[in-house]
Amino acid sequence: MKRRFVLIVLALLAVINGLVAVRLFTAHAAENDPDNGYTQIAVFAKALQLLRQDYVDDSKTSYHDLVYAAMKGEMQDDTRSRFNGLGIEVSGRNGVLTIVTPMEDTPAAKAGVLAGDQILKINGTPTDRLELQQAVNLLRGKPGQKATLTILRPSTKEIKDYVLERAEVKVQSVKNAHLIDQELSGSFKIGYIRIVQFNEPTAEELAKALDDLQKRGMQALILDLRNNPGGLLNSAVDVCGQFLPPNTTVVSTQGRAASQEREYTTSVTAKERPHFPLAVLVNEGSASGAEIVSGALKDLKRALLVGETTFGKGSVQNVLQLPDGSALRFTTAKYYTPGKQVIHGNGVTPNISVPMTAEQERALFVARNSDAKAEDEKTLIRSRDPQLLRAIDAIKGGMIYAQDTATKSEAKE
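About the thresholds
- Residues numbered from 1 in each chain as written.
- Predicted model: local features only at pLDDT ≥ 70, side-chain atom pairs only at ≥ 80, totals over all residues.
- Heavy atoms only, no water.
- Helix = DSSP H or I, 4+ residues; strand = E, 2+ residues; numbered from the N terminus.
- Buried < 20%, exposed > 50% of the residue type's maximum accessible area, 1.4 Å probe, protein only.
- Contact = heavy atoms within 4.5 Å.
- Areas by Shrake-Rupley, 256 points an atom, 1.4 Å probe, with all protein chains shown as cover.
- Pairing = 2+ DSSP bridges.
- Phe/Tyr/Trp six-rings, centres within 6.5 Å; stacked < 30°, edge-to-face > 60°.
- Lys NZ or Arg CZ within 6 Å of the ring centre and 35° of its normal.
- Core = buried A, V, L, I, M, F, W, Y, C linked by side-chain atoms within 4.5 Å.
- Salt bridge = Lys/Arg side-chain N within 4 Å of Asp/Glu carboxyl O.

## Looking at the overall build of the chain
Then step 1. Helices and strands together make up the secondary structure of the chain, namely 13 helices and 16 strands.
Then step 2. Across the 413 residues that make up the chain, the buried fraction comes to 48%.
Then step 3. Look at the contacts in the chain between residues 6 or more apart in sequence, and 69% of them connect residues 24 or more apart.
Then step 4. Total accessible area on the chain is roughly 20400 Å²; 50% of this is exposed by carbon and sulfur atoms.

Okay, here's the thing in structure tokens:
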């Protein structure tokens, strides 16, 4: 304890006296004694320097905040997702451990856990006393091990214990590609595809699904990104490439440093498809990559967004090497849609707002995590899925209007 106190004091003096002087002194000290306290100060000083220089929010990088955070042992892991065997992705949101979304076909989803649920306790340990990383460590475990989560559902104020058994999480990214029942779509052939998350094969799987639907005469598409927590950035960009022209900017990053400015574009060799009407379903569980896709398609006027405002998870984290071989991870930039809207903390707002009740969300989750029969689709949509029903109506309305306009134009000619 005494040695740690001395190191902290020396670290404070190092900050005050300047990073350069410390670096010169420690270079000599390290040669004679690898465990010399000044070697550790060099690591600490380097971390401070990097944070002061590149952390995305300069208002949060005062020496006071950084030093006291270091003494507290705090690790900022801003909306960092974790797949931990329970099938949930968690985030520290407004100081509360919040479930971004439970992944389908996992213990959490099958138990009825919903996006937006707040974890109050993990195995009896209150989460308000834990840093995000500590909570994540408690959630992790080997397949077969059980964890008890005390969950508050804000929409109903209900508090309930969920006993979940950890399992190996395997997620199929593209699901349920089909033509919507004609009792709902009318005279139009409207396709439906759901993307669960963005993995390496997602864009390829989506392309195959689109090819199949187009062969079956698809005239419009509804892309469901609800409760999609994101995944690989490049995969999300490639998915955009299925609907946008080649070499189109779909997302950009901006930070304090010029090196953090970057644009991500669709491939120059991307296959161009017919410009069919497109609606995208989003909700509070749509995060990260799902927000990049929905934000791009909305801003570029390629799709109509239906549902609820997305989660708001769009930051770039860099991992930089420190002198002792360890690494420092911190947020260096934020994602911006083509319309220069910040995703992080704000989310993407839909063109058509359609809220869902907790009962409807639960019913939808149950249907997705069970062997529901295809013939039950229209009943499920009409009674439990107002967002999909509204998207179908919007697509139909747009296509009817386009047909009427074309007919009037031909009559004038």
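Having seen the model, we can carry on.
## With respect to the sheet that holds strand β7 (residues 174–179)
Then step 1. Strand order across the open sheet formed by six strands is β7-β8-β9-β12-β13-β16, with mixed pairing between neighbours. Edge positions in the sheet fall to β7 and β16 (352–353), since each of these pairs with one other strand and no more.

## With respect to the packing of aromatic side chains
Then step 1. Per the counting criterion, the structure on display carries one aromatic pair.
Then step 2. On the numbers, 6.5 Å between centres and 85 degrees between planes, the contact of Phe243 with Phe276 is edge-to-face. Note that Phe243 is positioned in the loop between α9 (233–240) and β10 (249–254) and Phe276 in the loop between β11 (262–265) and β12 (278–282), a separation of 33 residues in sequence.
Then step 3. Taking NZ or CZ as reference, Arg302 lies 5.4 Å from the ring centre of Phe276, over its face.

## A look at helix α10 (residues 289–299)
What sets the pattern is the α-helix's 3.6 residues per turn: residues three or four places apart point alike.
Then step 1. Of all eleven residues making up α10, ten are buried, and the element is well covered by its neighbours.
Then step 2. Taken as a whole, α10 has its buried residues at Gly289, Ala290, Glu291, Ile292, Val293, Ser294, Gly295, Ala296, Leu297 and Lys298.
Then step 3. Of the residues flanking the end of α10, it is Lys301, one or two places downstream, whose phi is positive at about 60 degrees.

## Digging into the environment of Gly87
Then step 1. For Gly87, the location among the structural elements is in the loop between α4 (63–72) and β1 (88–93).
Then step 2. Taking C-alpha positions, Gly87 is 9.8 Å from Leu164, a pair spaced 77 residues apart along the chain.
Then step 3. Each residue touching Gly87, except ones within four places of it in the same chain, is listed here: Thr101, Pro102, Met103, Thr106, Ala108 and Val169.

## Quick notes on the nonpolar core
Then step 1. Membership of the largest hydrophobic core comes to 37 residues, with the highest contact counts inside it found for Ile193, Leu221, Phe243 and Val280.
Then step 2. Listed by contribution, the elements that provide at least two residues to this core are β8 (190–195), α8 (202–215), β9 (220–224), α9, β10, β12 and α10.
Then step 3. Among residues more than four places away in sequence, those in contact with Phe243 are Leu206, Leu210, Leu221, Leu223, Phe276, Leu278, Leu297 and Arg302.
Then step 4. Of all hydrophobic cores here, the second largest spans 19 residues; its members include Ile222, Val354, Ile381 and Ile395.

## Remarks on the pattern of salt bridges
Then step 1. If you walk through the whole model with that rule in mind, you get nine salt bridges.
Then step 2. Across the salt bridge formed by Arg153 and Asp117, the nearest N and O atoms sit 2.8 Å from each other. Placement of the pair is Arg153 in strand β5 (residues 146–153) and Asp117 in the loop between α5 (107–111) and β3 (118–122), with a sequence separation of 36 residues.
Then step 3. Given the relative accessible area of 4%, Arg153 is considered buried.
Then step 4. For Asp117, a relative accessible area of 1% corresponds to the buried category.

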